[in-house]
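Tertiary structure, described
Single-letter residue listing:
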Amino acid sequence: GIQVEQSPPDLILQEGANSTLRCNFSDSVNNLQWFHQNPWGQLINLFYIPSGTKQNGRLSATTVATERYSLLYISSSQTTDSGVYFCASSLGNQFYFGTGTSLTVIP
Amino acid sequence: NAGVTQTPKFRILKIGQSMTLQCTQDMNHNYMYWYRQDPGMGLKLIYYSVGAGITDKGEVPNGYNVSRSTTEDFPLRLELAAPSQTSVYFCASPRERDTGELFFGEGSRLTVL
């Protein structure tokens, strides 16, 4: 299967700060997604981004498929951004998840 | 369009009991997955299905069984529950096999005492 590595594992930010989360994957993939798991445990799809750049409000993501990495940018962080961010890629019939970045935004 | 629906949201079992976690999707997707998430950890694949009548094992299938008699439903059965099966279980379904967004249910928190 694909190895998916995320960094950093933990991140603490002051409200209003910016951050970059990284996802490296070990093989060519057809699919790269970012998810946010909120403090209540819900998994929300943020971006489906196999290549290129997308933006959604304060969040944006870039995937460079040829170099096998993806970045999630969070600007002007808010306390509601707290939670765990997962990236996942797929090959064949399965999705492969990273171990996540735990983000805490303090007011 | 409710997406992926899981029931129950919470359940406490005694060791040795059995139960079924229900998962239903109304998006007419072929692919469905069951994951478990232990505290502070990532997601591990238990079983998946590529269509009605077809299922396959994932990374951690022991102690579980699945069936896929219809496109909509993908129940996960726990036989002889053990404390090691205490976890949060997520059902998910992608728009296509390996393209498109992956949609998750809200999760089922299971405790085995």
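The structure contained in this document is the topic of the report that follows.

Criteria and cut-off values
- Every chain is numbered independently, its residues counted from 1 as its sequence is written.
- Chains carry letters from A onward and ligands carry numbers from 1 onward, assigned in written order.
- Totals for whole chains, interfaces and linings use every residue, but because this is a predicted model, local features are given only for residues with pLDDT of at least 70 and side-chain atom pairs only at 80 or more, for both listing and counting.
- With hydrogens and water excluded, all non-hydrogen atoms of the structure serve as input to the side-chain values.
- We define a nonpolar core as any set of buried Ala, Val, Leu, Ile, Met, Phe, Trp, Tyr and Cys residues linked to one another through side-chain atoms lying within 4.5 Å.
- Relative accessibility decides the category of a residue: with a 1.4 Å probe and only protein chains considered, values under 20% of the type maximum give buried, values over 50% give exposed, and everything between is partly exposed.
- Secondary structure counts use DSSP, requiring at least four H or I residues in a row for a helix and at least two E residues in a row for a strand, with both numbered from the N terminus.
- Whether two residues are in contact is decided by their heavy atoms, any of which lying within 4.5 Å being enough.
- Note on pairing: DSSP must find at least two bridges between two strands before they are called paired.
- With axes taken as lines fitted to C-alpha atoms, and helix axes fitted only over the stretch in contact, angles between N-to-C directions fall between 0 and 180 degrees.

Comments concerning the nonpolar core
Counting residues in hydrophobic clusters, the biggest one holds 20 residues, and the most contacted among them are W34, L76, L78 and Y89 of chain B. Counting residues per element, the ones that place at least two in this core are β3 (19-25), β4 (32-37), β5 (43-51), β7 (64-66), β8 (76-78), β9 (87-94) and β11 (108-112) of chain B. The element that contributes the greatest number of residues to this core is β3 of chain B, accounting for 3 residues. Those residues within four positions of L76 of chain B in sequence are excluded, and the remaining contacts are M19, T20, L21, W34, I46, Y64, N65, V66 and Y89 of chain B. Counting 19 residues, the second largest nonpolar core, distinct from the first, contains I2, V4, W34 and L72 of chain A.

Things to note about unusual backbone geometry
Cis geometry marks the peptide bond from S7 of chain A to P8 of chain A; its omega dihedral reads -10°. In this fold, P8 of chain A is placed in the loop between β1 (4-7) and β2 (10-14). The omega angle of the peptide bond from T7 of chain B to P8 of chain B is -5°, so this bond is cis rather than trans. Although it is not a glycine, S76 of chain A adopts a positive phi angle of roughly 45°. Along the chain, S76 of chain A falls in the loop between β8 (69-74) and β9 (83-91). S76 of chain A sits in the partly exposed class, given a relative accessible area of 40%. With phi around 55°, L80 of chain B is a residue other than glycine that occupies positive phi space. The topology assignment puts L80 of chain B in the loop between β8 and β9. A relative accessible area of 63% means that L80 of chain B is categorised as exposed.

With respect to the environment of L113 of chain B
Residue and element names in this part refer to chain B. Residue position: L113 is located in the segment after β11. On the basis of relative accessibility, which here comes to 60%, the residue L113 falls in the exposed class. Sequence separation between L113 and T55 is 58 residues, and the spatial gap between their C-alpha atoms is 29 Å. Leaving out residues up to four positions away in the same chain, L113 has contacts with I12, L13, K14 and I15.

Looking at the sheet that holds β7 of chain B
Backbone hydrogen bonds hold the strands of a sheet together, and the pairing may be parallel or antiparallel. All names here are of chain B. Pairing within the open sheet is antiparallel, and its 4 strands lie in the order β1-β3-β8-β7. Of all the strands in the sheet, the pair left with one neighbour each is β1 (4-7) and β7. Each adjacent strand pair in this sheet contributes to an overall mean axis angle of 20°, direction not counted.

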